[in-house]
Amino acid sequence: MERHSYKLEKRLTPSPVMVFIIPIISVLLALILGGIFLSMTGREPLAVYTIMFTDSLGSKYGLTETIVKAIPLALTALGVSLAFKMKLWNIGAEGQFYMGAMGASWLPLTFPTLPVYVMIPGMVVLGMTAGGLWALLTAIPRAIWKVNEIITTLMLNYIAILWVDYLVFGPWRDPLGSNFPITAAFSDAARLPGLGDSRIHSGLFFALAIAVILAIVFKYSRWGYSINVIGSSERAASYAGMNIKRNILLVMFLSGAISGLAGMAEVSGIIGKLQHGISPGYGYTAIIVAWLSKLNPLAILIVSVLFGALQVGGYAAQIEGVPAAVATMLQGMILFFVLGGEIFTNYRVRRVSRKGEESK
Amino acid sequence: MVKKIEHLEMVGITKRFPGVLSNNNVNIQIKTGEVLAILGENGAGKTTLMNILYGLYKPDAGKILLNGKQVSINSPKEAIALGIGMVHQHFMLVPTLTVCENVILGLSKSFIVDIKTATQRIREITDTYGLAINPDAYVWQLSVGEQQRVEIIKALYRGANLLILDEPTAVLTPQESKELIQLLRNMSAQGNSIIIISHKLHEVMSLSDRVTVLRDGEVCADVCTRETSQDALAQLMVGREMAPCQREGTFSPGKAVLELQEVYSQGDKGTEALTGVSLTIREGEILGIAGVSGNGQKELAEVIAGLRKLSKGKISLNGKESTKMSPANIIEQGLGYIPEDRLRVGTIPSFSIWENLILKDHHQRPFAKHLLLQNRVIMSHSSSLVEKYGIKTPTLETPTSSLSGGNIQRVILAREITRSPVALVAAYPTRGLDIGATEYLHSKLLEARSNGIGVLLISEDLEELMSLCDNIAVLYEGRVMKVIPVEEANERVLGLLMAGIAEQAS
Ligand SMILES: Nc1ncnc2c1ncn2[C@@H]1O[C@H](COP(=O)(O)OP(=O)(O)OP(=O)(O)O)[C@@H](O)[C@H]1O
Ligand SMILES: [Mg+2]
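Rules of the game
- Counting of residues starts from 1 at the beginning of each chain's written sequence and follows it residue by residue.
- Chain A is the first chain written and ligand 1 is the first ligand written, with later ones labelled in order.
- Given that the model is predicted, a residue must reach a pLDDT of at least 70 before its local features are reported, and side-chain atom pairs must reach 80 or more before they are shown or counted; all residues, however, enter totals for whole chains, interfaces and linings.
- Based on all heavy atoms of the structure, the side-chain values leave hydrogens and waters out of the count.
- The helix count covers DSSP runs of H or I at least four residues long, the strand count covers runs of E at least two residues long, and both are numbered beginning at the N terminus.
- Radius of gyration here uses only the C-alpha atoms, and the compact-globule reference equals 2.2 Å multiplied by the residue count raised to the power 0.38.
- We call two residues in contact whenever any of their non-hydrogen atoms come within 4.5 Å of each other.
- Using the Shrake-Rupley algorithm and a 1.4 Å probe, accessible areas are obtained, with residue cover drawn only from the displayed protein chains.
- His is not counted, nor are the chain ends, whereas Lys and Arg count as positive and Asp and Glu as negative.
- A single reference atom marks each charge: NZ on Lys, CZ on Arg, CG on Asp, CD on Glu.
- Defined here as a combined quantity, buried area equals the accessible surface (1.4 Å probe) lost by two parts on assembly, summed across both.
- In the analysis that follows, any N or O atom pair within 3.5 Å is treated as a polar contact, provided that within protein one partner can donate a hydrogen and the other can accept it, and provided that, for residues neighboring in sequence, both atoms belong to side chains.
- What makes a residue near a molecule or strand is one non-hydrogen atom of that residue sitting within 4 Å of it.
- Here the nonpolar group is Ala, Val, Leu, Ile, Met, Phe, Trp, Tyr, Cys and Pro; Asp, Glu, Lys and Arg are the charged ones; every other residue, Gly included, is treated as polar.
- Those domain boundaries reflect an automatic or database domain assignment.
- For two strands to be treated as a pair, DSSP must find at least two bridges joining them.
- Angular values range over 0 to 180 degrees, each being the angle between N-to-C directions of two axes fitted as lines to C-alpha atoms, with helices fitted over their stretch in contact.
- Working definition: roughly parallel below 35 degrees, roughly antiparallel above 145 degrees, roughly perpendicular at 65 to 115 degrees, and oblique for all remaining angles.
- Note on convention: near helix rotated counterclockwise from far helix by under a right angle means a left-handed crossing. Clockwise means right-handed.
- Per-residue accessibility, obtained with a 1.4 Å probe over protein chains only, is compared with the maximum for each type, and a residue is labelled buried under 20%, exposed over 50%, and partly exposed between these values.
- Salt bridge criterion: a side-chain nitrogen from Lys or Arg within 4 Å of a carboxyl oxygen from Asp or Glu.
- What pLDDT reports is the predictor's confidence in each residue, on a scale of 0 through 100.
- A helix's residues, less one, multiplied by 1.5 Å, set its expected span.
- Each residue is assigned a bend, namely the angle between axes fitted to the seven residues that terminate at it and the seven residues that start at it.

## Comments concerning the overall build of chain A
When helices and strands are tallied, chain A shows 13 helices and three strands. What you see for chain A is a C-alpha radius of gyration of 23 Å, in line with the 21 Å of a compact globule of 360 residues. Each principal axis of the C-alpha atoms in chain A carries an extent, and together these give about 85 × 60 × 35 Å. Sequence separation of 24 or more characterises 78% of the internal contacts of chain A that already satisfy a separation of 6 or more. Summing over all exposed atoms, chain A offers an accessible surface of approximately 16700 Å²; the carbon and sulfur share of this is 69%. If you average the places of the 27 positive and of the 17 negative side-chain charges in chain A, the two averages end up 12 Å apart.

The structure is reproduced here in structure tokens:
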């Protein structure tokens, strides 16, 4: 009997086939593993999945909701991908989203009578500025003292969420409303127009536009080139005369601004006021989305829709008595398998017999 | 115990990379106690061949015979098990661990590490071969030469009796090179086999028993060292006769382009690395910096490029004070800089060739217009550089990391020289270049000189300095011992100055 062993050999270039197949296999494996988990808790996995996917993708209403969820996911994922491109690990999209929502809400709450052509652009600018400045808070210590941005961006998430809570429970609470932690409803001028009469709002165009802009920046612009250089080697970047500090500040600000825009679009397009818990964790899921998309802006759009569907499906499952956390679990598993599967894009498996002779 | 390698043969080895035939039907062989030198131009396939022997690459065709029996080596682990060790050009040590810890790293099967017996065995090895090193020293405290010894000990500790060294002397000081060669002689005298890759022909001549010359991936000669000569080898490698470059024309320097006045600066470990350096480089002058590396050369180059702060002193570039300028401004003022560390500073290995060629100019015309890169201009510029500088690469999109060592250096040279700087700082520019490329670089430096560029050439090769420079400054412990005109320089004078002895050197 010949005995065989297996060996990984690094590929010279990542396999293009694998780049495409791995995510698909990963989703399937995640579904299988999730299914085992579901059946262990005494449920019928197929039935649960059927409900999840017919509800999220099988009807006009479900599709609409999926897109509604995909918009903030795509925007926040685009935001973090910009920072990730430079190896700045901004995991504070959640906080930047909240601050963006707050900044944008300030305008209609303070000047409710502004006309629409002042109100919407004003909210966009305020939302982006607030999200950007929030991110800048972590970029400054990072640029000057190299303070680890993973910790600071994460911490600021909690502050931002609690700060918005403070506002809606306290000073910004609607005096006319009952005791709910919500602000007064925005005027119509402060609402992003919808597509037809659906809940899909024009935030969709923000996401599309930013994806296209980032795709061009990454691939064709001189700034994208610098970001790439800095992200790949700071020493080479300073040798080439690039201003690393300024780029850290700029990239973090813009990264936060895009997540801030997501917050603005959410309060203006969907909720119509500021309130407690405006995000079910978009800013965190965004990290997964950006990573699965390999920081490719156009892939982010597609993956966001998938994750939006998971989220909507999760809600549907909840109605059937399965916790909505099923969706989160599946998201985590998909990420797990994609990261694990990456080894096959960069390596190939070879079978070697004990005597060392190779067999195909 | 590892079996003794009496005879090793690689037969008909062929290895293809996308777009390159790196080894084509190569045969080499080596016996116990023999030193085999492998020569060849940059990109000839030397490293590839050795990586195959060490189990890093799988050949597309060919076999390896060990003591007459065919073996297949699928990983460095299997190579080590057969008694083959390799010292790569870029060391793979953990700086925060001690020598002993580095040596036994990855060996111990049990959880508890027996440092004491390990130290004992390391001492035995160092005694046998006369390798001076303290097993308890931390690797970050060691010089490059000492780190290399640790790599050698690592291989010996694992029972290697065939040692492969890939350009081991490229990063060593002349003194360290001498010591290494002595060490390798000892090792072969005690029955070890050695394969060494080198571009330095005098080392090859003095150390090896046989020489195999590769050209474009094929063996073009296999000769006994005793029956050949340096010139013959050079000709075999390059395929034509070599004429060493000489300075021509009279030395008629113009105005000063780069001036340092009493420059002080700290090194990485916080000690003073430069203590009052004053130098002037004028248009059309090549000023050499001689000295054992580690005496402030790296810091000198970095303060000029704006990558390291001065603690005192003044630098002016092209008539303007540049002491506090950003690296970007200094580049704009016309400084070219060929850095010592080509993989971490000079290039970005994961980037393609064209991306590395525009590293410093990506933001300006003609490579960028408005906000966008001008790909067509960049590509035609890049392909003309690749051709002019003889960079061996299948495409412009090839990542720089897959080029051979010498070709990476050519990418940097191409970029820095064609930017037509006012002043050019070149730190060890010929490291790793083959003799043809070295000659070419020399001619480029001389051409720069006759075009009125002021060149600061940092090198350890005294011959190189004496044939190219107008003046030579000797750096010792962060000070300029003396600046002497090349006519007055000879090896003895420079050697004394490099050792810090000023009195007798006049
Ligand atoms: N991993 C790789 N992927 C693609 N091409 C490679 C790879 N390694 C080597 N090559 C190509 O194979 C050829 C031979 O390279 P190799 O490194 O063996 O040259 P070398 O003789 O060691 O040169 P040098 O003296 O410059 O170190 C080169 O053209 C190089 O571009
Ligand atoms: Mg090589």
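## Some words on the interface of chain B and chain A
Each partner contributes residues to the interface: chain B has 35 residues there, and chain A has 25 residues. The three residues of chain B that bury the most area against chain A are Lys58(B), Asn74(B) and His362(B), which together make up 20% of that side's buried surface. Remark: the boundary between chain B and chain A carries ten residue pairs in polar contact (both at pLDDT 80 or more). Secondary-structure elements contributing two or more residues to the side of chain B that touches chain A are helix 10 (327-332), helix 11 (342-346), helix 12 (353-357), strand 18 (372-373) and helix 14 (405-418) of chain B.

## Points about the site of ligand 1
In the vicinity of ligand 1 lie 20 residues, with Gly43(B), Thr47(B), Thr48(B), Ser404(B) and Gly406(B) positioned nearest. More than one chain lines the surroundings of ligand 1; the residues nearby belong to chains A and B. Between ligand 1 and Ala44(B) there is a distance of 3.2 Å, counted from an oxygen atom to a backbone nitrogen or oxygen. Take Ser402(B): an N or O atom from its main chain is 3.1 Å from an oxygen atom of ligand 1. Its free accessible area being 630 Å², ligand 1 has 91% of it covered by the protein chains. Secondary structure elements with two or more residues in the shell around ligand 1: strand 2 (20-31), helix 1 (46-53) and helix 14 of chain B. It is helix 1 of chain B that contributes the most residues to the shell around ligand 1, three residues altogether. For the shell around ligand 1, the per-class residue count stands at six nonpolar, eleven polar and three charged. Here the shell around ligand 1 spans two domains, and each of domain 1 (7-238) and domain 3 (346-416) of chain B adds at least three residues to it.

## So, the sheet that holds strand 14 (residues 312-317) of chain B
All names here are of chain B. Reading across from one edge, 12-11-14-15 is the order of the four strands in this open sheet, with antiparallel pairing throughout. Each edge of the open sheet is held by one strand with a lone partner, namely strand 12 (272-282) and strand 15 (320-321). Where strand 14 and strand 15 come together, two bridges link them in antiparallel fashion. Bridge assignment links Leu 317 to a residue of strand 15, and that residue is Lys 320.

## Topic: the pairing of strand 10 (residues 218-224) of chain B
Residue and element names in this part refer to chain B. Relative to strand 10, strand 9 (residues 210-215) is paired through six bridges, and the arrangement is antiparallel. Bridged to Thr 212 within strand 10 is Asp 222. Between strand 9 and strand 10, which pair antiparallel in sequence order, lie two residues; one of them, Asp 216, sits at a positive phi of approximately 50°.

## Here we look at the packing of helix 5 (residues 116-145) of chain A against helix 6 (residues 149-169) of chain A
Residue and element names in this part refer to chain A. One way to put it is that helix 5 packs onto helix 6 with a least axis distance of 10 Å and a crossing angle of 150°. If you check the angle between helix 5 and helix 6, you find them roughly antiparallel. At the point where helix 5 passes helix 6, the crossing takes the right-handed sense. Between helix 5 and helix 6, the residues in contact are Trp 134, Leu 137, Thr 138 and Arg 142 and Glu 149, Thr 152, Thr 153, Leu 156, Ile 159 and Ala 160, respectively. For the contact of helix 5 with helix 6, the residue count by class is five nonpolar, three polar and two charged.

## Description of the side chain of Glu41(B)
Residue and element names in this part refer to chain B. Structurally, Glu 41 is set in the loop between strand 3 (35-40) and helix 1. It turns out Glu 41 is buried and unbridged, and the closest side chain with the opposite charge, Lys 392, is 4.7 Å from it. With residues up to four places along the chain from it excluded, the contact list for Glu 41 reads Lys 46, His 199, Leu 214, Arg 215, Met 237, Val 238 and Asp 434.

## Structural notes on the domain arrangement of chain B
A common measure of how large an interface is: the accessible area buried when the components associate. Residue and element names in this part refer to chain B. The domain boundaries assigned to chain B delineate domain 1 (7-238), domain 2 (253-334 + 421-506) and domain 3 (346-416). The C-alpha centroid of domain 2 is placed 33 Å from the C-alpha centroid of domain 1. Counting residues at the interface gives 15 residues for domain 1 and eleven residues for domain 2. Buried area between domain 1 and domain 2, summed over both chains or domains, comes out near 960 Å², and the portion from carbon and sulfur atoms is 58%. Three residues, Asn 42, Thr 173 and His 199, lead the burial of domain 1 against domain 2; their summed loss comes to 37% of the area buried on that side. Applying the counting criterion to the domain 1 and domain 2 interface returns zero salt bridges. The interface formed by domain 1 and domain 2 includes three residue pairs in polar contact (both at pLDDT 80 or more). Among the elements that make up the side of domain 1 that touches domain 2, the one with the highest residue count is helix 8 (residues 230-238) (three residues). Each residue belonging to the side of domain 1 that touches domain 2 can be placed in one class, and the counts come to nine nonpolar, four polar and two charged.

## Examining the confidence of the model for chain B
Residue and element names in this part refer to chain B. In this model, chain B carries a mean pLDDT of 89, and residues with pLDDT of at least 70 account for 96%. The spread of mean pLDDT over the elements of chain B runs between helix 4 (residues 115-129), the lowest at 85, and strand 20 (residues 454-458), the highest at 96. Of the two predicted TM-score estimates for the complex, the pTM is 0.85 and the ipTM is 0.83.

## Thoughts on the pattern of salt bridges
Residues and elements named next belong to chain B. Counting across every chain of the model gives 23 salt bridges over all chains. We note a salt bridge from Arg 308 to Glu 302, for which the minimum N-O separation is 2.8 Å. Taken individually, Arg 308 and Glu 302 each receive the classification buried, so the pair is uniform in this respect. Two residues, Asp 434 and Arg 410, come together in a salt bridge whose shortest N-O distance is 3.4 Å.

## Quick word on unusual backbone geometry
Residues and elements named next belong to chain B. Here the bond from Arg 365 into Pro 366 is cis, since omega is 0°, no more than 30 degrees from zero. Turning to its location among the elements, Pro 366 is positioned in the loop between helix 12 and strand 17 (368-369). One non-glycine residue, Glu 262, lies in the positive phi region at around 45°. As for its position among the elements, Glu 262 is in strand 11 (residues 256-266). Judged by its relative accessible area of 44%, Glu 262 falls in the partly exposed class.

## Focus on helix 1 (residues 16-40) of chain A
Residues and elements named next belong to chain A. For helix 1, built from 25 residues, the straight-helix expectation of 36 Å at 1.5 Å per residue is met to within 8% by its first-to-last C-alpha distance of 37 Å. Along helix 1, the largest kink reaches about 25° and is centred on Ile 22; proline Pro 23 follows within four residues of it. Residues of helix 1 that are buried include every one of Ile 22, Ser 26, Ala 30, Gly 34, Gly 35 and Leu 38, and no others. Those residues of helix 1 that are buried are in contact with helix 2 (45-57) and helix 13 (325-346).

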